[in-house]
Structure formats: structure tokens, C-alpha cells
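# Coordinates in review
Each chain, written out:
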Amino acid sequence: MSETPTNTKKLFIRTYGCQMNVYDSERMAEAMGGEGYEEVDSPDQADMILLNTCHIREKAAEKVYSELGRFKDLKAAKPDLKIGVAGCVAQAEGQEIMRRQPMVDLVVGPQTYHRLPDMVAKVEAGEKPVDTDFPLEDKFEKLKNRPTATRAPAAFLTVQEGCDKFCAFCVVPYTRGAEVSRPVDRILREARELVARGVKEITLLGQNVNAYHGEGPGGTWSLAKLIWALDEIDGLERIRFTTSHPNDMEDDLIEAHGTCKKLMPYLHLPVQSGSDKILKRMNRSHTAEQYLRLIERIRAARPDILISGDFIVGFPEETDADFEDTMSLIRAVGYGQAFSFKYSTRPGTPAAERPLVDEAVSSDRLQRLQALINDQAREVMESMVGREVGVLFEKPGRMPGQMVGKSDYLHAVHVTAEGIAPGDLRRVRITEAGPNSLAGELV
Ligand code: SAH
Ligand code: SF4
Ligand code: F3S
């Protein structure tokens, strides 16, 4: 007989934004698991709905309100359905969310979700709690988790949170707060727990992950030192980290890319623009040339590394010449992947005061930039054909007998073969490059 407790309640979480929100959503699900909530994948059956939100661009933030609008009927049909807003919009807008959407029962920022169970108790008592503190205690230590039974072979692990860089366009220093690094022993403990549950690959997360400076045996540890400690964990096969800032790429980290076998040949290193004038106005604190020299040093340590980036087009007062500088930088680097965005004005950031670039001009630039990046990404994918790469298999593909996994370079790879299970790490020879993925055969 199965022993499903009759008082099990259902929790639906929708996650927007970056990988850190994905990680946070898992932690919130685990925290609510301790309160008898079980995660479901549709809002229709839920007793509680949580939106874990992103404030990075206007569109991302506004999506929350249209999404909430869609829950109106559900709430009308089930008045004790609890609706919570978490994440960066919660942090930025707080009480304002309830003014715009009175059906919201609770608002919780990214630094206080360990208090979620108490907040839910308050909702049950008829209150509408809002908690956007930056508390002194470590939320990860306060969480009373009930680990979910199954785990994908690849997992995220937050090691650093917040940002002190204050790029002129960005809300993250306000929504996530000041830079904080978790202590080494807790990270290693969490990593070992993940590996014990079948995880083979860990991506270390931080808004500025390479600024990591956590307390460990003997003093303050760098990210490279932490990576070397993770390298010693038996059963952990792959290590990645994201997102890095160019100014925090220390020598020991560059060196690790050449010498640490478990550290994968992929680096997300956003530059945003190739114009020194714009970089300065963005408060990025480095030039295009410095970025290019850095890429050279990284490639000297690990020649086959795949470089990925982020770009903003149409930053206030970006001229055609500034944009062409960005295109030149992209040509000089040769990206394997990149994310690009039209500048979005964020209230309260310094750039919000500056004159905007015409919308049509920004759209045109974005299109041209994306076309160039797509060509480069395609070229990198085609260069994989004939090569042998490691693939960590994650799940069955759409075709019968097919499995899908990620290569060392983070490309999706399809293989049709007998006897591959999720979590297997196998050598694969790439035979074909499609538009979004590669195909290969077991070696
Ligand atoms: N910490 C990371 C990125 C955080 S946000 C870093 O420093 O690189 C992810 C990306 O969103 C940024 O790299 C930037 O390209 C984009 N972004 C941030 N604010 C933006 C804004 N106001 N408008 C458009 N894109 C933005
Ligand atoms: Fe935002 Fe800049 Fe900090 Fe990245 S480094 S999170 S872009 S302020
Ligand atoms: Fe968005 Fe917050 Fe991440 S604003 S990108 S969810 S840190």
C-alpha cells in the first residue's frame, strides 16, 4: 500500500530569470516539502502558487502581472488558494505588488525565503505578509529542507550572491543586495550531498561568481581554490561556474581552466559592449582591449574553451560607431554562444537618467548582432563534427531509442543507442550539426 499522507498539499512554482532563481525555486520547494507540500507541474491542481520572478528588464517584470491575471479564475474557484510572489520583482516592488494585484497573499524577497513556512502560517491566520529584508542570518543554513527524491544529473549550487559592481543599467545590486560568499565547508557539504543523490555535474552559481571569497580552512578562499576542493569529490565528474565578471578573472582561475580536468571548457564572460565610451558609461571598469587580452590569456590556458557572452544594444547614447565597435569585438572573440538584449530602462539605476536610443535603431542593431552571433555559434557547432567529446546524458529524446545530453561545451547532443541511462557520462563522436543540437554515436 502506498502511504500518501491525506494532508498533502500541492505547490506549483513558476520560475523566471536566471539560474539562481532556478536554484532558489528548488530550495523553496524543499522548504515547503517540510510543511507537507508536494510540487506539481500545473497551477490547476495547486493549493499554493509561487511565482519566482525576475526584474532584470521591463518585459520580464511586467510578465508577472499578466501571469497573476491568469490566476484570477483559479482563485475565484478556490478561495483558499494561496498566491505568493518571490524573487527579484518581489524585492524591488514589495507591497506595491499587492496594491496592483490584491489577490496576492504573500511577497517574499530572494534573501528571506527561509521564512516562507512562517509566512504561509501567517496567511492561514488571515495576514498578508511582505518580507523583503536583507537579514544577517544565512538563509541556506536556516532552511529546513526535505530533499526531493529525484535529481537530474546536473545541478546548480549557489556559492556567492549579490553584486557590488553597480553597472549603470542593472537592478541586481538592488534586488540581490551586496556581494556575499558562502563558507567553504557548507558548499562542500552541499556538493557531497548532491553527489550522494546521483549528481555528476555541478554548476557553481553567483551573480559575480568569480568574485567568490569565502571563508575556508586557512583563511579566505578564491573560486579556483574552491574548484580544486570540489575536484577531489569522488563521483563528481564535471564542474562549471557562472556568471563571471572580466575584472575578477584571477590568474589561478585562468590556470585552473588549463589544469583541472573536471572543470569544463566553457566560460560565460559577459562584456556588454565593445565601445570604450559605452563601457565607461556602463561603469564596467575595463576597456574592450583589456577584455580581448583576457580572452587571449584564457585561450592560452585552454585553447578549445567555448566563450559565451552577454550584450546590450541601444544603451543610452550608443552611436552607430559604438555599435560597430561591439561588432568588431564579437568578430575578434568568436563566440560559441551569446545572449543579447535591447537596453531596458530600469527605474532607480543611473542609466535611467540618460537619453534613449531610437527604438527602431536598437531593433536593427539587435538583429544584426544576433545574426553575427548565430553565424559564429553555427561555425563552432560545425567544427565539432568528427570530434570526440564527453556527453552527460540527461533524458530520452523525441525519437525512439534516442537519449539527449550535454557535451563538455554545453551543446545538446542526441545519440541513438542501446543501454544509455540518464546520468551516464560517455564518450561520443559527433557526426552531425543541426540548427540547435548535435548528433553523435558512442565511441
Ligand atoms: N552578473 C552578470 C549578469 C547579470 S544580468 C554580469 O555581470 O554579467 C544578465 C544580463 O542581462 C546582463 O549581462 C546584461 O546583458 C543583461 N541586462 C542587465 N540589465 C539590463 C538592462 N537594463 N537592459 C537590458 N539588458 C540588461
Ligand atoms: Fe549587474 Fe553588473 Fe552586477 Fe552583473 S556585474 S549583476 S551586470 S551590476
Ligand atoms: Fe533576474 Fe534577479 Fe536573476 S533580476 S536575472 S532573477 S538575479
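Refer to the preceding data block for the structure.
Anyway, here's the lowdown on the structure attached to this text.

Criteria and cut-off values
Residues numbered from 1 in each chain as written. Chains lettered and ligands numbered in written order. Predicted model: local features only at pLDDT ≥ 70, side-chain atom pairs only at ≥ 80, totals over all residues. Heavy atoms only, no water. Helix = DSSP H or I, 4+ residues; strand = E, 2+ residues; numbered from the N terminus. Buried < 20%, exposed > 50% of the residue type's maximum accessible area, 1.4 Å probe, protein only. Contact = heavy atoms within 4.5 Å. Pairing = 2+ DSSP bridges. Axes fitted to C-alpha atoms, helices over the stretch in contact; angles between N-to-C directions. Near = heavy atom within 4 Å. Nonpolar A, V, L, I, M, F, W, Y, C, P; charged D, E, K, R; others polar. Polar contact = N/O pair within 3.5 Å; in protein donor to acceptor, adjacent residues only side chain to side chain. Areas by Shrake-Rupley, 256 points an atom, 1.4 Å probe, with all protein chains shown as cover. Parallel < 35°, antiparallel > 145°, perpendicular 65-115°, else oblique.

Once that is clear, we can look at the side chain of Ser-25. Positionally, Ser-25 belongs in helix α1 (residues 19-33). Accessibility expressed as a relative area gives 6% for Ser-25, which makes it buried. Non-local contacts of Ser-25, meaning those with residues more than four positions away in its chain, are made with Ile-13, Thr-15 and Asn-52.

What follows covers the sheet that holds strand β21 (residues 438-442). The strand order β17-β18-β19-β21-β20 describes a closed barrel built from five strands, whose pairing is mixed. Going across the sheet, the axis of each strand differs from the next one's by a mean of 50°, ignoring polarity.

With that settled, consider the site of ligand 3. Around ligand 3, the structure places Cys-18, Asn-21, Thr-53, Cys-54, His-55, Ile-56, Cys-88, Arg-176 and Gln-207. Residues of the shell around ligand 3, tallied by class, amount to four nonpolar, four polar and one charged.

Around ligand 1, a shell composed of 15 residues is seen, among which Phe-169, Gln-207, Gln-272, Asp-310 and Ser-344 lie nearest. Gln-207 is positioned with one of its backbone polar atoms (N or O) 2.7 Å from a nitrogen atom of ligand 1. Contact distances for ligand 1 include 2.6 Å between an oxygen atom and a side-chain N or O atom of Gln-272. Coverage of ligand 1 by the protein chains reaches 89% of its 540 Å² of free accessible surface. For the shell around ligand 1, the secondary-structure elements that each account for two or more residues are β15 (306-313) and β16 (337-342). Split by residue class, the shell around ligand 1 holds six nonpolar, four polar and five charged.

Axis separation between helix α13 (residues 288-301) and helix α14 (residues 320-333) bottoms out at 11 Å; the angle between their running directions is 10°. Considered as vectors, α13 and α14 are oriented roughly parallel to each other. Note on element contacts: α14 touches α13 through Leu-329, Ala-332 and Val-333, opposite Ala-288, Tyr-291, Leu-292, Ile-295 and Arg-299. Taken together, the residues of the contact of α13 with α14 sort by class into seven nonpolar, no polar and one charged.

With that out of the way, let us pick up unusual backbone geometry. Geometrically, the link from Thr-242 to Thr-243 is a cis peptide bond, its omega value of 0° lying close to zero. In the Ramachandran plot, Gln-272 falls in the positive-phi region, its phi being about 75° despite a non-glycine side chain. The residue Gln-272 is located in the loop between β14 (266-268) and α12 (276-281) in this model. The residue Asn-283 is not glycine, and still its phi comes out positive at about 65°. Following the sequence through the fold, Asn-283 ends up in the loop between α12 and α13.

Now for the environment of Gly-314. Position of Gly-314 relative to the elements: it lies in the loop between β15 and α14. Gly-314 sits in the buried class, given a relative accessible area of 4%. Between the C-alpha atoms of Gly-314 and Asp-364, which are 50 residues apart in sequence, the distance is 9.8 Å.

Don't take any of this as a statement about function, it's just geometry.
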